[in-house]
Amino acid sequence: MEHSYNLLVFFSLLFFINPSTVQSYFRPKALLLPVSKDPSTLQYLVQINQRTPSVPLKLTLDLGGQHLWVDCEQGYVSSSYNPVPCKSAQCSLFKFNLCVTACLADPQPGCNNNTCVHFPGNTVTHNEASGEVAQDVVSIQSTDGSNPGRVVSVSKMIFTCGVTHLLDGLASGVKGMAGLGRAKTSLPSQFSAAFSFDRKFAICLSSSTKGNGVVFFGDGPYVLLPSIDVSKSLVYTPLIRNPNAASLFYEGGPSSEYFIGVKGININGKAVALNTSLLTIDKEGIGGTKISTVDPYTVMERTIFKAVTKAFIKELAGVPRVAPVAPFRVCFNSANIGSTRVGPAVPQIDFVLQRKSVLWSIFGVNSMVRVKDDMLCLGFVDGGVNPRSSIVIGGYQLENHLLQFDLATAKLGFSSLLLFGQTTCANFNFTSVA
């Protein structure tokens, strides 16, 4: 029954934005976006081209975001902009929507009569506001998985209009957020429907602020220089639905964010004693382990954080600790820590998944943050008591791993640290082809 429903949803969305909205004839098998890392905010940024005439837009990447939202208050000019009517099929794609029958200002992008309204949110600052739902043309580069290809367009890409103050807290020059979440309105869902490719996407975040990572929309291959197809060596774990999404404006319905079933944590192969009830999600949507690109570092509920850091310090006995630097709590004199090809020589941290043999392993390059020349800090943050998610795996721990999200089968495929294969997420060949 669920399979039939999913097919119905998919083909319904296909009807809304395909095929008349898609650039004719050429149908790509996959699409790509370069991902940069902002050195000031540590946010991961992408750029899409939207509107007529086309305008490049810098956006903060939000892995769990429901949709694309952009600031429509400042200089939104487009001859292809179309507000989405109230009670339309496109409006119903949003889990929660309202109808604005009369906008008090002159008609313009973000303010039209009898239009669908949703609530775009800044997931960095946790602010939300109401915004008009609309459609406009979006252009993006295709790929064969190894090289970039021609630019293709979707002429009626659904998005929401944000207000300018929602940009507060985002990186300089950013005009909105690009949502990749488990929602019919997210970029992966809309692109897969528009071009009839698999409902999969992959992210590969670079640790460098000078070399771009990549987002692939569609199935592999995902090839990094020197000719390494990372899609062939993924380990899989189920994606778990959080049954209750929280919002400033509404609650209820499954979250669009991505959760995995962490069963335990090992330090140097030794199990850390944890309150395992915190690792499951209750009916209110509290607990569990989330993957996030808007949290720069992994955040842990306080008792989990204390247990993990205590075990880590014990395994690194003999290395002098130094006064910590916020937001970190555990820092060391780096002169006493050796180096390896996978970063500082520190205890290995493993997230234990559906079986004891299925591990997401974190090595020194992803666990230790160099705060000063002579200081390394454990890159985990105390999330306090009673956070909504017990563990949030943040961007720093995702870097130089490729993660594939399969929306159709609810599976996460993840690579081992790419440094073991002598490549990185900055090694996609972005050189344009003729």
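What counts, and where the lines are drawn
Residues numbered from 1 in each chain as written. Predicted model: local features only at pLDDT ≥ 70, side-chain atom pairs only at ≥ 80, totals over all residues. Heavy atoms only, no water. Domains from an automatic or database assignment. Contact = heavy atoms within 4.5 Å. Buried area = accessible area lost by both parts, 1.4 Å probe. Salt bridge = Lys/Arg side-chain N within 4 Å of Asp/Glu carboxyl O. Polar contact = N/O pair within 3.5 Å; in protein donor to acceptor, adjacent residues only side chain to side chain. Helix = DSSP H or I, 4+ residues; strand = E, 2+ residues; numbered from the N terminus. Nonpolar A, V, L, I, M, F, W, Y, C, P; charged D, E, K, R; others polar. Buried < 20%, exposed > 50% of the residue type's maximum accessible area, 1.4 Å probe, protein only. Lys, Arg positive; Asp, Glu negative; His and termini not counted. Pairing = 2+ DSSP bridges. Axes fitted to C-alpha atoms, helices over the stretch in contact; angles between N-to-C directions. Phe/Tyr/Trp six-rings, centres within 6.5 Å; stacked < 30°, edge-to-face > 60°. Lys NZ or Arg CZ within 6 Å of the ring centre and 35° of its normal.

Description of the domain arrangement of the protein chain
For step 1, the next point in the chain: The domain architecture assigned to the protein chain consists of domain 1 (30–221) and domain 2 (234–414).
For step 2, the next point in the chain: Here the C-alpha centroids of domain 1 and domain 2 sit 28 Å apart.
For step 3, the next point in the chain: Of the residues lining the interface, 38 residues belong to domain 1; the matching set on domain 2 comes to 33 residues.
For step 4, the next point in the chain: Of the roughly 3,000 Å² buried between domain 1 and domain 2 on both sides combined, carbon and sulfur atoms contribute 58%.
For step 5, the next point in the chain: On the domain 1 side of the interface with domain 2, the three residues burying the most area are Leu63, Arg182 and Arg199, jointly 27% of the side's total.
For step 6, the next point in the chain: One can count two salt bridges joining domain 1 with domain 2.
For step 7, the next point in the chain: Lys200 is the partner of Asp406 in a salt bridge, and the nearest nitrogen-oxygen pair spans 3.8 Å.
For step 8, the next point in the chain: Summed over the shared surface of domain 1 and domain 2, the number is 18 residue pairs in polar contact (both at pLDDT 80 or more).
For step 9, the next point in the chain: Elements supplying a minimum of two residues to the side of domain 1 that touches domain 2: strand E3 (55–62), strand E9 (127–128), helix H3 (187–195) and strand E13 (200–204).
For step 10, the next point in the chain: No other element matches the five residues that E13 contributes to the side of domain 1 that touches domain 2.
For step 11, the next point in the chain: When its residues are assigned to classes, the side of domain 1 that touches domain 2 shows 18 nonpolar, twelve polar and eight charged.

A closer look at the side chain of Glu132
For step 1, the next point in the chain: With respect to the secondary-structure elements, Glu132 resides in strand E10 (residues 131–143).
For step 2, the next point in the chain: Summary of buried charges: Glu132 has no salt-bridge partner, and the nearest side chain of opposite charge, Arg51, is 12 Å away.
For step 3, the next point in the chain: Here Cys111 takes part through its backbone nitrogen, which lies 3.5 Å from a polar atom of the side chain of Glu132.
For step 4, the next point in the chain: At 3.3 Å, the side chain of Glu132 and the side chain of Thr115 are in polar contact.

Details of the sheet that holds strand E28 (residues 359–362)
For step 1, the next point in the chain: Strands sit in the order E20-E19-E27-E28 across an open sheet of four strands; the sheet is antiparallel. The outermost strands of the open sheet, each flanked by one partner alone, are strand E20 (270–271) and E28.
For step 2, the next point in the chain: Note: strand E19 (residues 264–267) against E20, two bridges, orientation antiparallel. Within E20, the position partnered with Asn266 by the bridge is Ala271.
For step 3, the next point in the chain: Along the sheet face, helix H4 (residues 302–315) touches E19, E20 and strand E27 (349–352) and points at about 20 degrees away from the line of E19.

Let's talk about the packing of aromatic side chains
For step 1, the next point in the chain: Applying the stated criterion to the full structure yields 17 aromatic pairs.
For step 2, the next point in the chain: Three or more aromatic residues joined by ring pairs form one cluster here, namely Phe216, Tyr222, Phe428 and Phe430.
For step 3, the next point in the chain: When the ring centre of Tyr76 is taken as origin, the NZ or CZ atom of Arg51, which lies over that ring, is 3.7 Å away.
For step 4, the next point in the chain: If you follow Lys411 out to its NZ or CZ, it ends over the ring of Tyr236, 4.7 Å from the centre.

Let's talk about the pairing of E3
Along any regular strand the residues' side chains alternate between the sheet's two faces.
For step 1, the next point in the chain: Direction of pairing for strand E2 (residues 44–50) relative to E3: antiparallel, over a ladder of six bridges. When the sheet's bridge partners are listed, Ile48 is paired in E3 with Leu57.
For step 2, the next point in the chain: Hairpin remark: E2 followed by E3, antiparallel, with four residues in the connecting loop; positive phi at Arg51, about 90 degrees.
For step 3, the next point in the chain: Sheet analysis places E3 next to strand E12 (residues 174–179), joined by four bridges and oriented parallel. The residue bridging Asp62 from the neighbouring strand is Gly179, located in E12.

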